[in-house]
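# Structural overview
One-letter residues, chain by chain:
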Amino acid sequence: MTVYDELVTMTGGDQQAARVLLAGLRQLRDRAPDQEMRRFAREVLEGQVSLREVARSEAYACVLSRHFDHLTDWRDHVQDVDPASEDRERGVRQDQR
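Keep in mind that this is a model prediction, so the values were computed, not measured.

Procedures and definitions
Residues numbered from 1 in each chain as written. Predicted model: local features only at pLDDT ≥ 70, side-chain atom pairs only at ≥ 80, totals over all residues. Heavy atoms only, no water. pLDDT = per-residue confidence, 0-100. Helix = DSSP H or I, 4+ residues; strand = E, 2+ residues; numbered from the N terminus. Phe/Tyr/Trp six-rings, centres within 6.5 Å; stacked < 30°, edge-to-face > 60°. Lys NZ or Arg CZ within 6 Å of the ring centre and 35° of its normal. Buried < 20%, exposed > 50% of the residue type's maximum accessible area, 1.4 Å probe, protein only. Contact = heavy atoms within 4.5 Å. Polar contact = N/O pair within 3.5 Å; in protein donor to acceptor, adjacent residues only side chain to side chain. Axes fitted to C-alpha atoms, helices over the stretch in contact; angles between N-to-C directions. Parallel < 35°, antiparallel > 145°, perpendicular 65-115°, else oblique. Left-handed = near helix turned anticlockwise from the far one by under 90°. Nonpolar A, V, L, I, M, F, W, Y, C, P; charged D, E, K, R; others polar. Core = buried A, V, L, I, M, F, W, Y, C linked by side-chain atoms within 4.5 Å.

### Side note on the confidence of the model for the protein chain
Confidence in the prediction for the protein chain averages 81 pLDDT; 77% of positions are at 70 or higher. Confidence, expressed as mean pLDDT per element, reaches its minimum in the protein chain at helix α6 (residues 83-95) with 56 and its maximum at helix α2 (residues 15-31) with 93.

### Observations concerning the packing of aromatic side chains
Evaluated as defined, the whole model comprises zero aromatic pairs. Between R39 and the ring centre of F40, over which it is positioned, the NZ or CZ distance is 4.8 Å.

### Let's talk about helix α1 (residues 3-10)
Along α1, the residues classified as buried are V3, E6, L7 and V8. Those residues of α1 hidden inside the fold are in contact with α2, α3 (35-45) and α4 (51-56). In the stretch just after α1, G12 is the one whose phi turns positive, near 70°.

### A word on α3
Among all positions in α3, only M37, F40, A41, E43, V44 and L45 are buried. By the N-cap criterion, in which a side-chain oxygen at the helix start approaches the backbone nitrogen of a residue two or three places on, α3 is capped by D34, the distance to E36 being 2.8 Å. In the segment just after α3, G47 is the residue with positive phi, at about 80°.

### With respect to the packing of α1 against α2
With their axes 8 Å apart at the nearest point, α1 and α2 run at an angle of 130° to one another. In terms of orientation, α1 and α2 fall into the oblique class. Classified by chirality, the crossing of α2 by α1 is right-handed. Contacts between α1 and α2 involve V3, Y4, L7 and V8 from the first element and Q15, A18, R19, L21, L22 and L25 from the second. A class-by-class count of the residues in the contact of α1 with α2 yields eight nonpolar, one polar and one charged.

### A few points about the nonpolar core
In this structure, V3, L7, L25, M37, F40 and V44 are the most contacted members of the largest nonpolar core, which totals 16 residues. Only α1, α2, α3, α4 and α5 (58-80) provide two or more residues apiece to this core. Top element by residues in this core is α3. It accounts for five residues.

Next comes the structure, spelled out in structure tokens:
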């Protein structure tokens with residue numbers, strides 16, 4: 001079974017979703033700042049391990065949790081921002097020009 005076939009199976013036969021996942025894995029392999037994320041993606045793409053195996057692995061969970069921590073910090077920061085006050089501040093800055 002190819003990686004693409006595995007992804008099609010995992011997505012319930014949705015070939016478009018499988019192509020998106022495959023493209024995401026390729027981007028992780030080529031561009032992820034974390035070397036371990038690159039390695040996980042490369043191993044999946046090369047058929048050394050399945051995506052399911054990687055997703056269940058403790059090593060992957062440790063790497064991924066570091067990234068989720070950053071994501072949740074960013075989300076919390078974004079939720080604390082009041083868009084109306086930022087718009088008012090931008091308006092003041094534009095008026096001062």
